[in-house]
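Here is what each chain is made of, one letter per residue.
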Amino acid sequence: MKLDENEKIKTTTIDFKHQTTEAGWRELTDRFYLTITPKWFQWISWVFTLGVLKYINDRTHHLLVGILLGLSQSFLFLYFVAVFYHVDFKGFYRVKSKRATAILSALLSFGLTMVFSWAGRVLADIVKVR
């Protein structure tokens, strides 16, 4: 698949050593929350989706539902890898190369995928108890 010029993935830079004024920090945090809040609720819906798939899988043990759950978790991991690979962690401890960025991306992605899967299982267990 080839991306045209308008679809290229942008790299986001997070500079841990950046210094600015109080107004600059205010603008930076405002931009952060305006960007992250819609993503947060999108990601929360994914937790509920994983929870529903887990609940249905536990109730039915149907092969198709198990496959959907496994694919969903795999896609979630690969999505996080793609997101974090395009984040430039300037000034972050020992992240100075593309290889270090890829390793950090994989670790963050694995951790987030585990948290999302765990939260989905917790939601499924809450529903089962009732």
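For clarity, every value in this text was computed on a predicted model and none was experimentally measured. (Residues numbered from 1 in each chain as written. Predicted model: local features only at pLDDT ≥ 70, side-chain atom pairs only at ≥ 80, totals over all residues. Heavy atoms only, no water.)

A. The arrangement of the confidence of the model for the protein chain in detail. For the protein chain, the average pLDDT comes to 82, and 80% of its residues sit at 70 or higher. At the low end of the mean pLDDT range in the protein chain sits strand β1 (residues 12–15), at 60; at the high end sits helix α2 (residues 63–85), at 92. (pLDDT = per-residue confidence, 0-100. Helix = DSSP H or I, 4+ residues; strand = E, 2+ residues; numbered from the N terminus.)

B. Molecular detail of helix α3 (residues 98–129). In a regular helix each residue adds 1.5 Å, so 32 residues correspond to 46 Å; α3 covers 46 Å between its end C-alpha atoms and thus fits that length. Buried residues of α3: Ala100, Thr101, Leu104, Ser105, Ser109, Thr113, Phe116, Ser117, Ala119, Gly120 and Ala124, and no others. (Expected span 1.5 Å × (residues − 1). Buried < 20%, exposed > 50% of the residue type's maximum accessible area, 1.4 Å probe, protein only.)

C. Looking closely at the packing of α2 against α3. The interhelical angle for the contact between α2 and α3, taken along N-to-C directions, is 145 degrees, at an axis separation of 8 Å. Seen from above, α2 lies across α3 with right-handed handedness. Across from Gln73, Leu76, Phe77, Phe80, Val81, Phe84 and Tyr85 in α2, the residues of α3 making contact are Lys98, Thr101, Ala102, Ser105, Ala106, Leu108, Ser109, Phe110, Leu112, Thr113, Phe116 and Ser117. A per-class count over the contact of α2 with α3 returns 12 nonpolar, 6 polar and 1 charged. (Axes fitted to C-alpha atoms, helices over the stretch in contact; angles between N-to-C directions. Left-handed = near helix turned anticlockwise from the far one by under 90°. Contact = heavy atoms within 4.5 Å. Nonpolar A, V, L, I, M, F, W, Y, C, P; charged D, E, K, R; others polar.)

D. Focus on a nonpolar patch on the surface. Taken together, the side chains of Leu63, Ile67, Leu71, Phe75 and Leu78 present a nonpolar region at the surface, about 520 Å² in accessible area. In this fold, leucine 63 is placed in helix α2. Exposure remark for leucine 63: the relative accessible area of 65% places this residue in the exposed category. (Patch = residues over 30% accessible without salt bridge, like charges linked within 9 Å, V, L, I, M, F, W, Y side chains within 5 Å. Areas by Shrake-Rupley, 256 points an atom, 1.4 Å probe, with all protein chains shown as cover. Salt bridge = Lys/Arg side-chain N within 4 Å of Asp/Glu carboxyl O.)

E. Fine view of the nonpolar core. Trp43, Val47, Leu50, Leu53, Leu69, Leu76, Phe80, Phe84, Val87, Phe116 and Ala119 together form the largest nonpolar core, which totals 11 residues. Where this core is concerned, the elements lending two or more residues are α1 (22–60), α2 and α3. Once you skip the residues sitting within four places of it in the chain, tryptophan 43 turns out to touch Tyr79, Phe80, Leu112 and Phe116. (Core = buried A, V, L, I, M, F, W, Y, C linked by side-chain atoms within 4.5 Å.)

F. Quick peek at unusual backbone geometry. For histidine 61, which is not glycine, the phi dihedral falls at a positive 55 degrees. Tracing the chain through its elements places histidine 61 in the loop between α1 and α2. Look at histidine 61 and you get exposed, because its relative accessible area is 64%.

G. Fine view of α2. Given a rise of 1.5 Å per residue, 23 residues ought to cover 33 Å, and the 33 Å separating the end C-alpha atoms of α2 matches this to within 8%. If you check which residues of α2 are buried, you get Val65, Leu69, Leu76, Phe80 and Phe84.

H. Main features of the packing of aromatic side chains. Under the definition given, this model contains 8 aromatic pairs. The interplanar angle of 90 degrees and the centroid separation of 6.4 Å between the aromatic rings of tryptophan 43 and tyrosine 79 together place this pair among those described as edge-to-face. Of this pair, tryptophan 43 sits in helix α1 while tyrosine 79 sits in helix α2, and the two are 36 residues apart along the sequence. The class of tryptophan 43 is buried, set by a relative accessible area of 13%. What makes tyrosine 79 partly exposed here is its relative accessible area of 26%. Linked through ring pairs, Trp43, Trp46, Tyr79, Phe80, Phe84 and Phe116 together constitute an aromatic cluster. (Phe/Tyr/Trp six-rings, centres within 6.5 Å; stacked < 30°, edge-to-face > 60°.)

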